[in-house]
Amino acid sequence: MNIDNVQIELDNMNIDCVNTKKDNMNIDYIITKSDDMNIDCAITESDNMNIDGTQTESIPPSKKSPEPESIDLFKQLPLEIITKIVLHLSFNDVLNLKSVSKIWRCLYVNQNEIWANVCENFNIRVIDYSRCLHDRSRHDSDCKGYAEASSEKLFGPLCDYWLAFNHYIMIVKNIKNNDFPTIYIPRQRVEQSYCTDDYIVNINCYNKQPLQVIVLNGANNPITKKCLKIFDKLKELIKTKLYPLKVIGNKRYLVFEICSIIFVYSIEKTEFTPRFFKVIQKSVDYGLNKDDFDAKFLNDHRDTKFDLYDHKLAMVHPTTGTLFVTDLSTGNTYKELKFSSRGCIVDSMKCSDYRLMIGITKMKKKGMKPEHLAIVYHMKGCTQDNRLKIPLLGPVSQFKVTSNCIGVENTGSATPFITKIDSYLKVFWLECDTFSFDCTRKFIYYNIDQSIFQYDLLKSMLSKFEVVQKIAINAISNLLPLTPINDRYLLVRSTYPNSYDIFDVKDRISVRSIQLHAGYSLVHVGKLSIMFSNAKEFMVIAFN
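Quantities reported herein were computed from a predicted structural model and do not represent experimental measurements.

**Notes on the overall build of the chain**
Okay, so step 1: Tallying secondary structure elements over the chain gives nine helices and 36 strands in all.
Okay, so step 2: For the chain, buried positions account for 50% of its 544 residues.
Okay, so step 3: Intrachain contacts of the chain at a sequence separation of at least 6 include 48% that bridge at least 24 residues.
Okay, so step 4: Summed over its atoms, the accessible surface of the chain is roughly 27400 Å², and 49% of this surface lies on carbon and sulfur atoms.

**Structural notes on the packing of aromatic side chains**
Okay, so step 1: Per the stated rule, a full pass over the model turns up 24 aromatic pairs.
Okay, so step 2: A ring pair is formed by Trp 115 and Trp 162, whose centres lie 4.6 Å apart and whose planes are at 15 degrees; its orientation type is stacked. Placement of Trp 115 in helix α5 (residues 112-121) and of Trp 162 in helix α7 (residues 160-176) is noted, with a sequence separation of 47 residues between them.
Okay, so step 3: Judged by relative accessible area, Trp 162 falls into the buried class, the value being 0%.
Okay, so step 4: Considering the side-chain rings of Tyr 199 and Phe 272, the 5.3 Å spacing of their centres and the 90 degrees angle between planes classify their relative orientation as edge-to-face. You can see Tyr 199 sitting in strand β7 (residues 199-203) and its partner Phe 272 sitting in strand β13 (residues 271-279), a full 73 residues away along the chain. Per residue, the accessibility class of Tyr 199 equals that of Phe 272, and both read buried.

**Observations regarding a positive patch on the surface**
Okay, so step 1: On the surface, Arg 189, Lys 208, Lys 235, Lys 239 and Lys 241 cluster together into a patch of positive charge.
Okay, so step 2: Within the secondary structure, Lys 235 is located in helix α8 (residues 232-240).

**Describing the sheet that holds strand β26 (residues 434-437)**
Okay, so step 1: Pairing is antiparallel in the open sheet, where four strands are placed in the order β26-β27-β28-β29. Where the open sheet ends on each side, the last strands, each with one partner, are β26 and β29 (468-472). Mean inter-strand twist for the sheet, computed between neighbouring axes without regard to direction, equals 25 degrees.
Okay, so step 2: Of the pairings in the sheet, the one linking strand β28 (residues 451-456) to β29 comprises four bridges and is antiparallel in character. Paired with Ile 452 across the bridge in β29 is Ala 472.

**A look at a nonpolar patch on the surface**
Okay, so step 1: Together, Ile 421, Leu 458, Met 461, Leu 462 and Phe 465 line one region of the surface with nonpolar side chains, adding up to about 470 Å² of accessible area.
Okay, so step 2: Among the structural elements, Ile 421 can be located in strand β24 (residues 415-421).

**A short note on the side chain of Ser 451**
Okay, so step 1: As for its position among the elements, Ser 451 is in strand β28.
Okay, so step 2: Non-local contacts of Ser 451, meaning those with residues more than four positions away in its chain, are made with Tyr 446, Lys 470, Ala 472, Ile 473 and Asn 474.

**Quick notes on the pattern of salt bridges**
Okay, so step 1: Per the stated rule, a full pass over the model turns up 14 salt bridges.
Okay, so step 2: A salt bridge links Glu 271 to Lys 226; its shortest N-O distance comes to 3.5 Å. Taken together, the residues Glu 271 in strand β13 and Lys 226 in strand β9 (residues 224-227) connect sequence positions 45 residues apart.
Okay, so step 3: For Glu 271, a relative accessible area of 47% puts it in the partly exposed group.
Okay, so step 4: Among the ionic pairs, Asp 504 bridges to Arg 488, the shortest N-O distance being 2.7 Å. Linking Asp 504 in strand β32 (residues 499-504) with Arg 488 in the loop between β30 (483-484) and β31 (489-493), this pair joins segments that are 16 residues apart in sequence. Note on accessibility: Asp 504 and Arg 488 belong to one class, buried.

**Focus: unusual backbone geometry**
Okay, so step 1: The backbone of Lys 269 shows a phi angle near 55 degrees, a positive value even though the residue is not glycine.
Okay, so step 2: Mapped onto the fold, Lys 269 is located in the loop between β12 (261-268) and β13.
Okay, so step 3: Take Lys 269: its relative accessible area is 75%, and that puts it in the exposed class.
Okay, so step 4: Even without glycine at this site, Arg 508 takes up a positive phi of about 60 degrees.
Okay, so step 5: Its place among the elements puts Arg 508 in the loop between β32 and β33 (509-515).

**Let's talk about the sheet that holds β7**
Okay, so step 1: Reading across from one edge, β6-β7-β8-β9 is the order of the four strands in this open sheet, with antiparallel pairing throughout. Sheet topology places β6 (192-195) and β9 at the edges, where each strand pairs with a single neighbour. The mean angle between the axes of side-by-side strands here comes to 20 degrees, regardless of whether they run parallel or antiparallel.
Okay, so step 2: Both β7 and strand β8 (residues 211-215) contribute to a ladder of five bridges, which runs antiparallel. Residue pairing in the sheet places Ile 203 in a bridge with Leu 211 of β8.

**Focus on the environment of Ala 374**
Okay, so step 1: Inspection of the secondary structure assignment puts Ala 374 in strand β20 (residues 371-378).
Okay, so step 2: Relative accessible area serves as the criterion here: at 0%, Ala 374 is assigned to the buried category.
Okay, so step 3: Taking the C-alpha atoms as reference, Ala 374 lies 9.3 Å from Phe 399; in sequence the two are 25 residues apart.
Okay, so step 4: Those residues in contact with Ala 374 that sit more than four places away from it in its chain are Ile 358, Gly 359, Leu 388, Lys 389, Ile 390, Leu 392, Val 396, Phe 399 and Val 408.

**Here we look at the nonpolar core**
Inside soluble globular proteins, nonpolar side chains tend to come together where they are buried.
Okay, so step 1: Among the nonpolar cores identified, the biggest contains 43 residues, and Leu 211, Leu 234, Leu 254, Phe 256, Ile 262, Tyr 265 and Leu 328 are the most heavily contacted of them.
Okay, so step 2: Top contributing element to this core by residue count: β12, with six residues.
Okay, so step 3: Residues within four places of Ile 262 in sequence aside, it is in contact with Val 255, Phe 256, Glu 257, Phe 276, Phe 277, Lys 278, Ile 280, Leu 313, Met 315 and Leu 328.
Okay, so step 4: Of all hydrophobic cores here, the second largest spans 42 residues; its members include Trp 162, Ile 485, Leu 528 and Ile 530.

**A few points about helix α2 (residues 79-86)**
Okay, so step 1: Buried within α2 we find Ile 82, Thr 83 and Val 86. Along α2, the residues classed as buried sweep out an arc of 100 degrees about the axis, all on the same side.
Okay, so step 2: The secondary structure elements touched by the buried residues of α2 are α3 (91-97), α4 (102-108) and α5.

**A few points about the pairing of β12**
Okay, so step 1: For β12, a buried count of seven out of eight residues is recorded, marking the element as mostly surrounded by other parts of the structure.
Okay, so step 2: Relative to β12, strand β11 (residues 253-258) is paired through six bridges, and the arrangement is antiparallel. Within β12, the position partnered with Ile 258 by the bridge is Ile 261.
Okay, so step 3: Hairpin connection, β11 to β12: the antiparallel pair is bridged by two residues, and Cys 259 has positive phi, about 55 degrees.
Okay, so step 4: Across eight bridges, the pairing between β12 and β13 is antiparallel. Among the inter-strand pairings, Ile 261 is bridged to a residue of β13, identified as Val 279.

What counts and what doesn't
Residues numbered from 1 in each chain as written. Predicted model: local features only at pLDDT ≥ 70, side-chain atom pairs only at ≥ 80, totals over all residues. Heavy atoms only, no water. Helix = DSSP H or I, 4+ residues; strand = E, 2+ residues; numbered from the N terminus. Buried < 20%, exposed > 50% of the residue type's maximum accessible area, 1.4 Å probe, protein only. Contact = heavy atoms within 4.5 Å. Areas by Shrake-Rupley, 256 points an atom, 1.4 Å probe, with all protein chains shown as cover. Phe/Tyr/Trp six-rings, centres within 6.5 Å; stacked < 30°, edge-to-face > 60°. Patch = residues over 30% accessible without salt bridge, like charges linked within 9 Å, V, L, I, M, F, W, Y side chains within 5 Å. Salt bridge = Lys/Arg side-chain N within 4 Å of Asp/Glu carboxyl O. Lys, Arg positive; Asp, Glu negative; His and termini not counted. Charge placed at Lys NZ, Arg CZ, Asp CG, Glu CD. Pairing = 2+ DSSP bridges. Axes fitted to C-alpha atoms, helices over the stretch in contact; angles between N-to-C directions. Core = buried A, V, L, I, M, F, W, Y, C linked by side-chain atoms within 4.5 Å. Arc of directions from axis to C-beta.

Below, the structure written as structure tokens:
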């Protein structure tokens, strides 16, 4: 037996055609029943068959063909070799292979290395989909998670990356089928809030305990409220009300920052534990003496900006033109980069797995126009200078990235895109208002004058192909960037007042319109939810 001769039952299957339930069928494994058929080997018996008029006798047990174990070539190969073979197959082939037999489903394909490759191609991170549909009481015949639950019950647990992929499939189908609830959470009087898919942080310096966290446990589970144990220095700085408090967090860490002083909490199983606080400052250990945080120091460091990716925190000091990178798992500041010889304005910054991006504005002498720059640092995989400077016509509003492309959204008339080809950085430009990436890395979606266009990154490398298509006409407002939920759906602001649309870039239609009352504003777009808020409540649209 070899891979080329495997009987495939799901030809041309794609991510949108994954079945959720049929008779004797589940999402991970297809069984076709026939009398006297073995799922691992299609051998059937029939007594005294007549073939072309010739009477045949049934085969005695002693003369049967060898057992399938003796002729299955794959059972004679090490699992590592089978895995390497499967890694060379297409995504559809991988989906089909898991339906060949039980051993393919439970062993050969059930490998983290295989599904990690699939997840990478769809920009699916396990941590982004770690909290999904766990309420098993909802697993009835109409539930989108039923097939997944049944599959695990029949065939055992999936590897971590395959489970993450199935969670991603569940989210995509829930959105496509308009099957997701809206949750309303009362909002008490607060001065500042920060939202993620997993929790909401409310800050009110007038309260005795100024930091409150609302833990979101999923669409059908009750929320949990808790007050954070606060660092003494953080409480002291909050109570002064003189300096801006900045907040950033992910599933592992929650960080508060005031004037380059960071206060770090680790997150594990909805528990927020104070870890450490330190000053991000060049070659100096602050915090040992009571005079370290005097008014001059705090005023000199109030304009910092930062971003967080996994355990990596990047922070810029505009007054010194310096960028620092800190490992939150160890507390060590291990990278220092000088991006400007004099003070400047930092308009935006972004930290990703191996890149740092900052947008700055350098003020010139009176009467001269300011200089706008996007600066990209590549930390690996480039044979040229790892710093790239791009002059712009307007300040950077935000950076958007995939593994091999960076887009620099700015207020100018043209948007630069940086790609890596053969270890070299290349730049091309598109005239657009806002843009978004397809996370499968094949397309850029951008809008001009309320219409959405699709730019094919792969075809653009071969100039003979048409690379731009208009996929929606007069469909959206230009007031909000195209914000990706995942590789399939974008959140766009509708042309109707106080409303948003979830736009399907593959079917090229809006799958849901969200009509808001006056006073609501968008506060978060994530893999598992969208959040709006007003003075009285948070409105959470949960996809899981």
